[in-house]
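Structural description and commentary
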Amino acid sequence: MDARTSILPLELSGVSFTAGGQRLIKDISATFEAGPRTIIVGPNGAGKSLFLRLCHGLIKPDAGQVLWNGGGDATPHQAMVFQRPVMLRRSAAANVDYALHLKGLPRNERRELVAEALARTGLSRFARSPARVLSFGEQQRLALARTWALNPQVLFLDEPTASLDPAATHSVEEIISAFHDAGTKIVMTTHDLGQARRLGDEVLFIYRGRILERAPVDRFFTAPENDLAQAFIKGELLWWRRGEGAEENEDREEGE
Amino acid sequence: MTDIGNAFIQAFELVVGLDPDLAEIVLLSLKVSLLAVFLATAIGLPLGAAVALFRFPGRGGVIVLLNALMGLPPVVVGLVVYLTLSRAGPLGVFGLLFTPTAMIIAQVLLVTPIIAALTRQVIEDLWSEYEEQLRSLGAGPARAVPALLWDGRYTLLTTVLAGFGRASAEVGAVMMVGGNIDHVTRVMTTAIALEVSKGDLALALGLGVILIVLSGTVNAAAFMLKEAAIRKHG
Ligand SMILES: Nc1ncnc2c1ncn2[C@@H]1O[C@H](COP(=O)(O)OP(=O)(O)OP(=O)(O)O)[C@@H](O)[C@H]1O
Ligand SMILES: [Mg+2]
């Protein structure tokens, strides 16, 4: 993206995260390059949200490292859209403006960026409405507008269309595509496998805190290598396998 | 019956006629309580926000203390201020006992814990709602303070109004440290107490009506603020 030095690749090495006495993310190593859109799938509680928050820097791993382009502070150049939009008690435009204010932009530069971001997300007519009375879908678009104004190099999205209707989902997907076209690296979780196909270039399958498969989107959906990934895309529940081969490692580890 | 009826009529005349004695008492009351609430806000707001947002040793103790101080009996506060300001007390040299300043000090002590404790609750709730989003946007708790205060503005204002309510209705502490001296430290509550004991019901009733109107207005304002906030921001 433009002349800035890139914060990518993002490199995780041996990342683990423990909470409440449980290892929730287990020794994950992965590299993310600029370009391909990464879609993260996996059952509820697999650790997808934790994984995004570790990448984004909201939580710190208790083992391993999260490195942006070999080190350095990437915070200003990456953004995250949460499953539930969090809006301040002020107007839609002021919410976008506040994000730019935190980034340190002077007021006169902010105005134009705010207007552009709202226009991009089709929210111009809501500019002066209090953000929190907007519908859920509108608030999610506003979250994307806020992010658009920040012009990040990397955007993490945690189930951005969960509980949106088809039309709202469509417009959110279009905005995500616009980010991609503008050169922003997309890393997104979803439970909507159709959406994974539509938006993804590669798929990352997380199960019980581990990455079990990472493959280009076509191959993931046609010929996944991991048997749990196969079961997952066929919509079969995964818990019935408890105690079988694939699980043995897990159980031993959790007993640590 | 006619005595009380007469008292009402006289009270009405005092209020409508802006009786100078009555006006003086009302003005002093307002001056003392407003100043006390102003100071208590200046102390309690940052204190409450700090306790809400920062982790430090003894934080739990501070929270318990603030909550306990909220219910502090005014006479105890009066006693403490009295002992501190009396001639033999640590601050006796300033000669503040039986002055409006002493009453302001007592009211600040009464109101600050209320404002601090409620502010802590408001700010802590907001922060737990906003934390991840604000951190993601690059703001830790310190940078978030202005936004949190602004977003809590309606609730915080009701908090301040509650503080004003407590300050202006309080009688025990200001009686002890102010002494209820005519033209010097006589405020509405202490005047009512005195006039009733003297049997001058007219002045007491007049002041009582004003006090009720005042606290009614404050409560109505608080209620309307809250409603407006809910309507506007959900
Ligand atoms: N702070 C925490 N303390 C204890 N356990 C936690 C904590 N945060 C998350 N967990 C647990 O970690 C696991 C992974 O959570 P995570 O939110 O990452 O799942 P997910 O893959 O995003 O699931 P979903 O698809 O339901 O959103 C869950 O079992 C959750 O209960
Ligand atoms: Mg999740």
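Predicted model, so just to flag it, every value in this text is computed and none were measured.

Moving on: the sheet that holds strand 9 (residues 210-216) of chain A. All names here are of chain A. Taking strand neighbours across the sheet as the criterion, the six strands line up as 5-6-7-3-8-9 in an open arrangement whose pairing is mixed. Each of the sheet's edge strands pairs with one partner strand only, and the pair in question is strand 5 (78-81) and strand 9. On average, each strand axis in the sheet is inclined to that of its neighbour by 15°, with strand direction left out of account. Pairing of strand 3 (residues 38-41) with strand 8 (residues 202-207), which is carried by four bridges, proceeds in the parallel orientation. The residue of strand 8 that forms the bridge with Val41 is Phe205. The sheet contacts of helix 4 (residues 136-150) involve strand 5 and strand 6 (154-158), and relative to strand 5 the element is tilted by about 175°.

Each side of the interface is counted separately: chain B has 20 residues, and chain A has 19 residues. Across the chain B/chain A interface, buried area totals approximately 1900 Å², and carbon plus sulfur atoms make up 53% of it. Considering only the surface of chain B that becomes buried against chain A, B:Gln133, B:Leu137 and B:His233 emerge as the three largest contributors, covering 31% of it. Inspection of the chain B/chain A interface yields four salt bridges. Run the count over chain B and chain A and you get nine residue pairs in polar contact (both at pLDDT 80 or more). Mapped onto the side of chain B that touches chain A, the elements with two or more residues apiece are helix 5 (100-136), helix 6 (141-151) and helix 10 (201-233) of chain B. Top element by residues in the side of chain B that touches chain A is helix 5 of chain B. It accounts for eight residues. By residue class, the composition of the side of chain B that touches chain A is eight nonpolar, four polar and eight charged.

All names here are of chain A. Lining the immediate environment of ligand 1, one finds Ala19, Leu24, Pro43, Asn44, Gly45, Ala46, Gly47, Lys48, Ser49, Leu50, Glu159 and His191. Leu50 is positioned with one of its backbone polar atoms (N or O) 2.9 Å from an oxygen atom of ligand 1. Glu159 has a polar side-chain atom sitting 3.1 Å from an oxygen atom of ligand 1. When the free accessible area of ligand 1 is taken as 640 Å², the share hidden by the protein chains comes to 59%. A total of three residues in the shell around ligand 1 trace back to one element, the largest contributor, which is helix 1 (residues 48-56). Looking at side-chain class alone, the shell around ligand 1 contains five nonpolar, five polar and two charged residues.

The topology assignment puts A:Asn151 in the loop between helix 4 and strand 6. In the structure, A:Asn151 is positioned 31 residues away from A:Ala182 in sequence and 9.0 Å away in space, judged by C-alpha atoms.

Looking now at helix 2 (residues 20-53) of chain B. In a regular helix each residue adds 1.5 Å, so 34 residues correspond to 50 Å; helix 2 of chain B covers 48 Å between its end C-alpha atoms and thus fits that length. The largest bend along helix 2 of chain B measures about 25° and falls at B:Thr41.

The next subject is a nonpolar patch on the surface. Taken together, the side chains of B:Leu79, B:Tyr82, B:Leu83, B:Phe98, B:Ile181 and B:Val184 make up a nonpolar region of the molecular surface, amounting to roughly 480 Å² of accessible area. Mapped onto the elements of the fold, B:Phe98 is located in the loop between helix 4 (74-85) and helix 5.

On to the environment of A:Val15, then. Residues and elements named next belong to chain A. Following the sequence through the fold, Val15 ends up in strand 1 (residues 10-19). With 169 residues separating them along the chain, Val15 and Thr184 place their C-alpha atoms 24 Å apart. Apart from the residues within four sequence positions on either side, Val15 is in contact with Ile25, Lys26, Asp27, Ile28, Leu54, Pro61, Ala63, Gly64, Gln65 and Val66.

With respect to the secondary-structure elements, A:Gln139 resides in helix 4. What A:Gln139 contacts, discounting residues up to four positions off in sequence, is A:Pro85, A:Met87, A:Ala131, A:Arg132 and A:Leu134.

A few words on the confidence of the model for chain A. Averaged over every residue, the pLDDT of chain A is 86; residues scoring 70 or more account for 91%. This model gives residues 242-256 of chain A a pLDDT under 50, and the stretch forms 17 contacts once residues within four places in sequence are excluded.

Attention shifts here to the pattern of salt bridges. If you walk through the whole model with that rule in mind, you get 14 salt bridges over all chains. The partner of A:Arg198 in a salt bridge is A:Glu173, with the nearest N and O atoms 2.8 Å apart. Here A:Glu173 lies in helix 5 (residues 166-181) and A:Arg198 lies in helix 6 (residues 193-199), a separation of 25 residues in the sequence. According to the relative accessible area criterion, A:Glu173 is buried, its value standing at 8%. Put simply, A:Glu202 and A:Arg214 hold a salt bridge, and the shortest N to O gap is 2.8 Å. Taken as a pair, A:Glu202 in strand 8 and A:Arg214 in strand 9 lie far apart in primary sequence, twelve residues in all. On the accessibility criterion, A:Glu202 (12% relative accessible area) is buried. Among the residues examined, A:Arg214 registers a relative accessible area of 32% and is labelled partly exposed. Salt bridges linked by common partners bring A:Arg89, A:Arg132 and B:Glu129 together as one network.

This paragraph deals with the packing of aromatic side chains. Residues and elements named next belong to chain A. Inspection of the entire model under this criterion finds eight aromatic pairs over all chains. Where Trp148 meets Phe179, the ring centres are 4.8 Å apart and the plane angle is 65°; that geometry is what we call edge-to-face. Highlighted residues: Trp148 in helix 4 and Phe179 in helix 5, separated in sequence by 31 residues. When its relative accessible area of 1% is taken as the criterion, Phe179 is described as buried. Geometrically, the ring pair formed by Phe205 and Phe232 is tilted, given 5.2 Å between the ring centres and 45° between the ring planes. You can see Phe205 sitting in strand 8 and its partner Phe232 sitting in helix 8 (residues 227-233), a full 27 residues away along the chain. Residue class for Phe232 comes out buried when judged on its relative accessible area of 14%. One aromatic cluster in this structure is built from Phe205, Tyr207, Phe220, Phe221 and Phe232. Here Arg197 stacks its cationic end above the ring of Phe221, 4.3 Å away from the centre of that ring.

Scoring rules and cut-offs
- Residues numbered from 1 in each chain as written.
- Chains lettered and ligands numbered in written order.
- Predicted model: local features only at pLDDT ≥ 70, side-chain atom pairs only at ≥ 80, totals over all residues.
- Heavy atoms only, no water.
- Pairing = 2+ DSSP bridges.
- Helix = DSSP H or I, 4+ residues; strand = E, 2+ residues; numbered from the N terminus.
- Axes fitted to C-alpha atoms, helices over the stretch in contact; angles between N-to-C directions.
- Contact = heavy atoms within 4.5 Å.
- Buried area = accessible area lost by both parts, 1.4 Å probe.
- Salt bridge = Lys/Arg side-chain N within 4 Å of Asp/Glu carboxyl O.
- Polar contact = N/O pair within 3.5 Å; in protein donor to acceptor, adjacent residues only side chain to side chain.
- Nonpolar A, V, L, I, M, F, W, Y, C, P; charged D, E, K, R; others polar.
- Near = heavy atom within 4 Å.
- Areas by Shrake-Rupley, 256 points an atom, 1.4 Å probe, with all protein chains shown as cover.
- Expected span 1.5 Å × (residues − 1).
- Bend = angle between axes of the 7 residues up to and from the residue.
- Patch = residues over 30% accessible without salt bridge, like charges linked within 9 Å, V, L, I, M, F, W, Y side chains within 5 Å.
- pLDDT = per-residue confidence, 0-100.
- Buried < 20%, exposed > 50% of the residue type's maximum accessible area, 1.4 Å probe, protein only.
- Phe/Tyr/Trp six-rings, centres within 6.5 Å; stacked < 30°, edge-to-face > 60°.
- Lys NZ or Arg CZ within 6 Å of the ring centre and 35° of its normal.

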